[in-house]
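# Chains, contacts and geometry: an overview
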Amino acid sequence: MEVTCLLLLALIPLHCRGQGVYAPAQAQIVHAGQACVVKEDNISERVYTIREGDTLVLQCLVTGHPRPQACSEVKATLPAFRLVFVSDVTIRDGSPDAREAAGPSSPEAALAIYLDEPVLTVHQTVSDVRGNFYQEKTVFLRCTVNSNPPARFIWKRGSDTLSHSQDNGVDIYEPLYTQGETKVLKLKNLRPQDYASYTCQVSVRNVCGIPDKAITFRLTNTTAPPALKLSVNETLVVNPGENVTVQCLLTGGDPLPQLQWSHGPGPLPLGALAQGGILSIPSVQAPDSGYYNCTATNNVGNPAKKTVNLLVRSMKNATFQITPDVIKESENIQLGQDLKLSCHVDAVPQEKVTYQWFKNGKPARMSKRLLVTRNDPELPAVTSSLELIDLHFSDYGTYLCVASFPGAPVPDLSVEVNISSETVPPTISVPKGRAVVTVREGSPAELQCEVRGKPRPPVLWSRVDKEAALLPSGLPLEETPDGKLRLERVNRDMSGTYRCQTARYNGFNVRPREAQVQLNVQFPPEVEPSSQDVRQALGRPVLLRCSLLRGSPQRIASAVWRFKGQLLPPPPAIPVETSDHSELRLDAVTRDSSGSYECSVSNDVGSAVCLFQVSAKAYSPEFYFDTPNPTRSHKLSKNYSYVLQWTQREPDAVDPVLNYRLSVRQLNQHSAMVKAIPVRRVEKGQLLEYILTDLRVPHSYEIRLTPYTTFGAGDMASRIIHYTEPINSPNLSDNTCHFEDEKICGYTQDLTDNFDWTRQNALTQNPKRSPNTGPPTDISGTPEGYYMFIETSRPRELGDRARLVSPLYNASAKFYCVSFFYHMYGKHIGSLNLLVRSRSKGALDTHAWSLSGNKGNAWQQAHVPINPSGPFQIIFEGVRGSGYLGDIAIDDVTLKKGECPRKQMDPNKVVVMPGSGVPRQPHPQLWGPVAIFLLALQR
């Protein structure tokens, strides 16, 4: 986007022509509080390291034009969690909530600092019968810890530190697909010296003062995984009220394993006592049934586990079924046909239940016509059936089924069935006038189905019109003995069709009879727009439309329009087929017809209102907050000026803006300076400027800007401007940026590149970063010193660019020298470019210096001469090479007036990093003469 501006140094507006300055939203997170390390972890995330229990305050700063709604300040107290900020989302203070960020402009802040206790487990590749650890076995010591930042591991045998390369019998590696941080110490073909004490020491490098943690394991020739046996059978059946004791016995394991009892599902019963390997449950009850697990662990091999299935005898839910002759497909009881009576109870253990049948109070006598069967495949498991073959009149009577646990103190359950000529299958129907139930939202409702027949079965209710929909009770099926489904405080989501059907139990085992009831829940209308700002030029017509989104009934019964609270004549009637909206047409917008319009829509249940604010007022200006260095100071008068920039929101929606009225008021004072700013025709996206002068250092001011059209005053916009010491000071004799401050000397990330430069030091850099790339420290060699670098690991691709843009400098000399240190180490190094962006005639970028490829593990210095023709910025552009070993860093950027040093070397200066060895001898180059030649050309 190129914008050409005319700079006037007086109190008159500055007009800019161009394609517009609308910019996407960008967000940045800054912190205050107790963060002891702030680290740019990768391209889009910033990691704040904070001690557990401390409080960190995060503030989200947003840029873009128009200015996005700012994030709220967030206070987060650890334990650790992640906060993802979005510019228009508010996150409650202290809430461990994570909200997904939309788009690349939403940064993340990961908050955590913790170091859990490490866990050390031992495994071997081959186990023998006894599971001991003999020679010629390979043993793995696995150390796992959860931490943030990632922990570093140190393995020790006794007091000696082990390394991957010092012992042929030792391998140290990090396994794939492990949870948490894990390091494995592999002992190959155990030797006598391998039987020793091993220590795993984990460290977060004393971040926030957290000390290292360690765990030690003694490996001997008797080291073995745990083994168990139980004192009872794996299935234990007991009576309710008994005291249960189960013992879990250790049969092996070195070191001595730890035993633990658990229950599934749920916790151990209330009153249960687990002490060592003994589990005691006093006065056991039916809910205590379940699987009880005894687990032994000693961190060697896999844990040993034994399970007891505890069954407490119980019975409940006695039901019966009457099945007419299946062969003849009859659904009625008829003499001369077969009949089957079935009885079932829910019991534990189910297979131990016994059933007895009685007829008219006496035990039923088996014969060729009366058979008792069990486990009918068409019925629930362990069901007893009494079959009557060739039903006679003498078979009519009362049949009783009794279920029991022989010899157990569990009460019997019984169910009675009467068979006679009056025993008939059920019918179900909806009472007259109850097929459709209409109620208002929030009221109770009752759905009813009538069941006839003898015996009369219960009624099951379910939803019909919504797949997998649940009833208001939260269940898919609900049983009602009287056929009535009662609903409390219905809502619109309960509307729909409900099915009632006869249950197959406690009645005839025939095809269920069913019916349906329609529930209509009436609710007030919902309309759009609920509120709308309507702008139009004077004399032009406007159509206002209030639409019914949803409601029950789904039609508009009446619509009433008001203007400024006064009733308007009703608009023309709307045909029935289009009665989902109401319209009001204004032939022309005038000063008299401008104001608030209200449409009240009713659907016989309630009403809703559409609000319209109609006017010819201009929309508010939108201040441009991303102006580079808008403050200019005047040392002699102790005043400063401010470059105010804005665009006009939707200028074509109303009459053209004729001028702006500017009000400038110093904070804490009542009086304000008011001035009119005339403008020509304002286009959408056009950047307007005005220079505010005679502002007193260091006071802040409230600025109010109001557009005026032929209609009059439009919407006002206001902002507060603050005095900041300009970075582009005329004296550049000592303008070196060391990147030690988070503000990085006013440098910003270019919004048009692929990724960003990252600020870090040796303490905050990723300990897992790619080896053989990037500097270990900044140019000073201290771990606290910061530098800027580009991270070229995924998701970066070949040719991706990161641009770091300096503040805007006012050119007061003909020649300048840009000096900086660079570090380009790695086999995939791309390019580092220095560009100069001139702003005298739009934004024009020119290349001033470029370097590509691996330059060794050393900081080197470059001096680049530039001769800008007007206000300018310098840009450091890092270009990603062919792979991830291509990190580029810069540090100590200096901008000075005058020419660069005449005598230079390439590299200009080599700084030996600690541990990097002796640097290569620099080769003499012709850089100095070339620089002089270039300077001569520039003159």
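A brief structural summary. All of these numbers come straight from a predicted model, not from anything done at the bench. (Residues numbered from 1 in each chain as written. Predicted model: local features only at pLDDT ≥ 70, side-chain atom pairs only at ≥ 80, totals over all residues. Heavy atoms only, no water.)

Here we come to the sheet that holds strand E18 (residues 197-203). Strand pairing in a sheet relies on backbone hydrogen bonds. The paired strands run either parallel or antiparallel. The four strands are arranged E15-E14-E18-E19 in an open sheet whose pairing can be described as antiparallel. The open sheet is flanked by strand E15 (160-162) and strand E19 (213-218), the only strands paired with a single partner. Taking the axes of each pair of neighbouring strands and ignoring which way they run, one obtains an average angle of 30° across the sheet. Pairing between strand E14 (residues 152-157) and E18: six bridges, direction antiparallel. Looking across to E18, one finds that lysine 156 is bridged to threonine 199. (Pairing = 2+ DSSP bridges. Helix = DSSP H or I, 4+ residues; strand = E, 2+ residues; numbered from the N terminus. Axes fitted to C-alpha atoms, helices over the stretch in contact; angles between N-to-C directions.)

Moving on, we come to the nonpolar core. In terms of nonpolar packing, the biggest core is built from 32 residues, with Tyr747, Phe820 and Phe876 touching the most fellow members. Those elements that place two or more of their residues in this core are strand E65 (787-790), strand E66 (801-805), strand E67 (816-824), strand E68 (831-838), strand E69 (844-852), strand E70 (858-866), strand E71 (872-879) and strand E72 (888-897). With five residues, the single largest contributor to this core is E67. Leaving out residues up to four positions away in the same chain, phenylalanine 876 has contacts with Tyr747, Trp757, Ala802, Arg803, Leu804, Val818, Phe820, Asn833, Leu834, Ile890 and Val893. The next biggest cluster of nonpolar side chains, apart from the first, holds 30 residues, and it includes Met315, Ala347, Trp357 and Tyr399. (Core = buried A, V, L, I, M, F, W, Y, C linked by side-chain atoms within 4.5 Å. Buried < 20%, exposed > 50% of the residue type's maximum accessible area, 1.4 Å probe, protein only. Contact = heavy atoms within 4.5 Å.)

What follows deals with unusual backbone geometry. The residue after aspartate 254, namely proline 255, is reached through a cis peptide bond having omega 5°. When you line up the elements, proline 255 lands in the loop between strand E22 (244-254) and strand E23 (258-264). The linkage connecting valine 348 with the following residue, proline 349, adopts the cis geometry, with an omega of -10°. Counting through the fold element by element, proline 349 comes out in the loop between strand E29 (339-348) and strand E30 (354-359).

For the coordinates displayed, the defined rule picks out 14 aromatic pairs. On the basis of an interplanar angle of 65° and a centroid distance of 6.3 Å, the ring pair of tyrosine 787 and phenylalanine 789 is categorised as edge-to-face. Its relative accessible area of 0% is what places tyrosine 787 among the buried residues. Look at phenylalanine 789 and you get buried, because its relative accessible area is 6%. (Phe/Tyr/Trp six-rings, centres within 6.5 Å; stacked < 30°, edge-to-face > 60°.)

Applying the stated criterion to the full structure yields seven disulfides. There is a disulfide in this structure between cysteine 343 and cysteine 401, and the S-S distance comes to 2.1 Å. Negative torsions about the S-S bond denote left-handed disulfides, and the value of about -85° found for cysteine 343 with cysteine 401 makes this one left-handed. Linking cysteine 343 in strand E29 with cysteine 401 in strand E34 (residues 397-404), this pair joins segments that are 58 residues apart in sequence. One exposure class covers both cysteine 343 and cysteine 401, and it is buried. Linked covalently through their sulfurs, cysteine 449 and cysteine 500 form a disulfide whose S-S length is 2.0 Å. Across the S-S bond of cysteine 449 and cysteine 500 the torsion is about -80°, and the bridge reads as left-handed. Remark: cysteine 500 occurs in strand E43 (residues 496-502) and cysteine 449 occurs in the loop between strand E38 (445-448) and strand E39 (450-454); sequence separation between them is 51 residues. One exposure class covers both cysteine 449 and cysteine 500, and it is buried. (Disulfide = S-S within 2.5 Å.)

Let's shift gears to the environment of valine 284. Looking at the element boundaries, valine 284 is found in the loop between strand E25 (278-281) and strand E26 (290-297). For valine 284 and glycine 271, which are 13 residues apart along the polypeptide, the C-alpha to C-alpha distance reads 9.6 Å. Those residues in contact with valine 284 that sit more than four places away from it in its chain are Val238, Asn239, Pro240, Gly241, Glu242, Val244, Leu310 and Val312.

A word on the pairing of strand E51 (residues 595-602). The buried fraction of E51 amounts to six of the eight residues, a majority that puts the element mostly inside the structure. Of the pairings in the sheet, the one linking strand E48 (residues 558-563) to E51 comprises six bridges and is antiparallel in character. Bridge assignment links valine 560 to a residue of E51, and that residue is serine 600. In this structure, E51 lies alongside strand E52 (residues 607-615), joined through eight bridges in antiparallel fashion. Bridge pairing in E52 links serine 600 to valine 609. Taking the residues that link successive antiparallel strands as the turn, the E51-E52 hairpin has four residues, and the phi of aspartate 604 there is positive, at about 75°.

What is shown is where atoms sit, not what they do.
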